[in-house]
Amino acid sequence: IKINRNVVDRLKARQARFAQGKAERLAGMPKSRIKRVLFLLNPKRQYKYWFSREGSIMALKHTGIGLLGGFLFLVGVFAYFRKDLPNITDVSGNNIGGSIQYYDRSGQVLLWEDFDAVKRIPVKGEDISTNIKKATVAIEDKDFFKHGGFDVRGIMRAGISNAVGHGATQGGSTITQQLVKLTQKWTDNRTYTRKVKELILAVELEREYNKDQILAGYLNVAPYGNIEYGVESAANDYFHKSAKDLTLAESSFLVAIPKSPSLYSPYGPYYDKDALKSRSHYILDQMAEQGMIN
């Protein structure tokens, strides 16, 4: 009983002190509402208040309310957009299309390859060269193995660039987001609504698959110029070899293409050999800076 009384008395005394302090502040304020607002906005008084005990408590309250409100807002946005989205259970890219290959009975000699607007040969992750995996991460998403599907800094950087209007439109997409965009055929849809949906599916994709599977999925659907989709088909056509045998130089060449296939691909209508060579060298520089190659 004594402890309870002591606690109650302390709370009452604290409330009384706060009430007295508030009354004293109000007593010293101007009577006019406008003058009172200007009085409160005085920088010295603001500094004194927010660095006082009462101001610190108020700041904590506002921060807590802001965090709770932000969390509820994100939950609401997720629920609103998620209801119309498909379930990501497949990163093979089979909905994009691909090639049908016919071999002789030895299984070694290719007799015929049939494709319809999309030339693509899916392969497993272990059948893709480490060189092109490293080059892709270096130029497309250097924090790929650190983030959970999206890069906050990349999104903010792209948002600022698009708002200011300098240069081409940027998306700030990670490899995971690009995989979602390609498999869902959202490459021509650049609205902010689509971006939110892309973020949601990217997060779910990261929960469903590991990084190696996501990287392999992207490399199997990335556009490499003309009708070439996927690294295996591109390696076959450009270098007459399998994706697992690509050298560092060949990898930097291929990885340069997806940014703008019409400009960097030799099959593209605006092909610029010097631009392709420059971007290829830039990719190698990025790999060296990130410690992937010496």
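Here is what the cut-offs are and how they apply
- Residues numbered from 1 in each chain as written.
- Predicted model: local features only at pLDDT ≥ 70, side-chain atom pairs only at ≥ 80, totals over all residues.
- Heavy atoms only, no water.
- Buried < 20%, exposed > 50% of the residue type's maximum accessible area, 1.4 Å probe, protein only.
- Helix = DSSP H or I, 4+ residues; strand = E, 2+ residues; numbered from the N terminus.
- Contact = heavy atoms within 4.5 Å.
- Axes fitted to C-alpha atoms, helices over the stretch in contact; angles between N-to-C directions.
- Parallel < 35°, antiparallel > 145°, perpendicular 65-115°, else oblique.
- Left-handed = near helix turned anticlockwise from the far one by under 90°.
- Nonpolar A, V, L, I, M, F, W, Y, C, P; charged D, E, K, R; others polar.
- Expected span 1.5 Å × (residues − 1).
- Arc of directions from axis to C-beta.

**Student:** Any chance you could explain helix 10 (residues 231-239) here in plain terms?
**Tutor:** An α-helical turn contains 3.6 residues, so a residue and the one three or four places further along point in the same direction. Within helix 10 the residues assigned to the buried category are Val231, Glu232, Ser233, Ala234, Ala235 and Tyr238. Those residues of helix 10 hidden inside the fold are in contact with helix 5 (130-140), helix 9 (211-219) and helix 11 (248-256). The first or second residue beyond helix 10 is His240, which carries a positive phi of 55°.

**Student:** I tried to follow the packing of helix 10 against helix 11 on my own but got confused; where do I start?
**Tutor:** How two helices pack is summed up by the angle between their axes together with the distance between the axes. The contact between helix 10 and helix 11 brings their axes to 11 Å, and the two run at 115°. One element, helix 10, and the other, helix 11, form an angle in the roughly perpendicular class. Where helix 10 crosses over helix 11, the two elements pack in a sense that is right-handed. The segment helix 10 lies against helix 11, with Val231, Ala234, Ala235, Tyr238 and Phe239 engaging Glu250, Phe253 and Leu254. For the contact of helix 10 with helix 11, the residue count by class is seven nonpolar, no polar and one charged.

**Student:** What am I meant to see in the side chain of Ser265 here?
**Tutor:** Within the secondary structure, Ser265 sits in the loop between helix 12 (261-264) and helix 13 (273-289). Among residues more than four places away in sequence, those in contact with Ser265 are Tyr224, Gly225, Asn226, Tyr238, Ile257, Ser260 and Tyr271.

**Student:** Can you walk me through the packing of helix 5 against helix 11 in this structure?
**Tutor:** Viewed as axis vectors pointing N to C, helix 5 and helix 11 meet at an angle of 40°, and their least axial separation amounts to 9 Å. Taken together, helix 5 and helix 11 sit at an angle that is classed as oblique. Relative to helix 11, the crossing made by helix 5 is right-handed. Contacts between helix 5 and helix 11 involve Asn131, Ile132, Ala135, Thr136 and Ile139 from the former and Leu248, Ser251, Leu254 and Val255 from the latter. Each residue belonging to the contact of helix 5 with helix 11 can be placed in one class, and the counts come to six nonpolar, three polar and no charged.

**Student:** How should I be thinking about helix 13 in this particular structure?
**Tutor:** Its 17 residues place the ends of helix 13 25 Å apart at the C-alpha level, agreeing with the 24 Å of an ideal helix rising 1.5 Å per residue. Every buried residue belonging to helix 13 is among Ala275, Leu276, Arg279, Ser280, Ile283, Gln286 and Met287, and all of these are buried. Buried residues along helix 13 cover an arc of 135° about the axis, so they all sit on one side. For helix 13, exposure combined with an orientation more than 90 degrees from the buried face picks out Lys273, Asp274, Lys277 and Glu289.

**Student:** How do you make sense of unusual backbone geometry when you look at a structure like this?
**Tutor:** A negative phi angle is the norm for most residues apart from glycine, just as the trans form is the norm for most peptide bonds. Phi angles above zero are rare outside glycine, and Asn226 is one such case at about 55°. Position of Asn226 among the secondary structure elements: in the loop between helix 9 and helix 10. Backbone geometry places His240, a non-glycine residue, at a positive phi of 55°.

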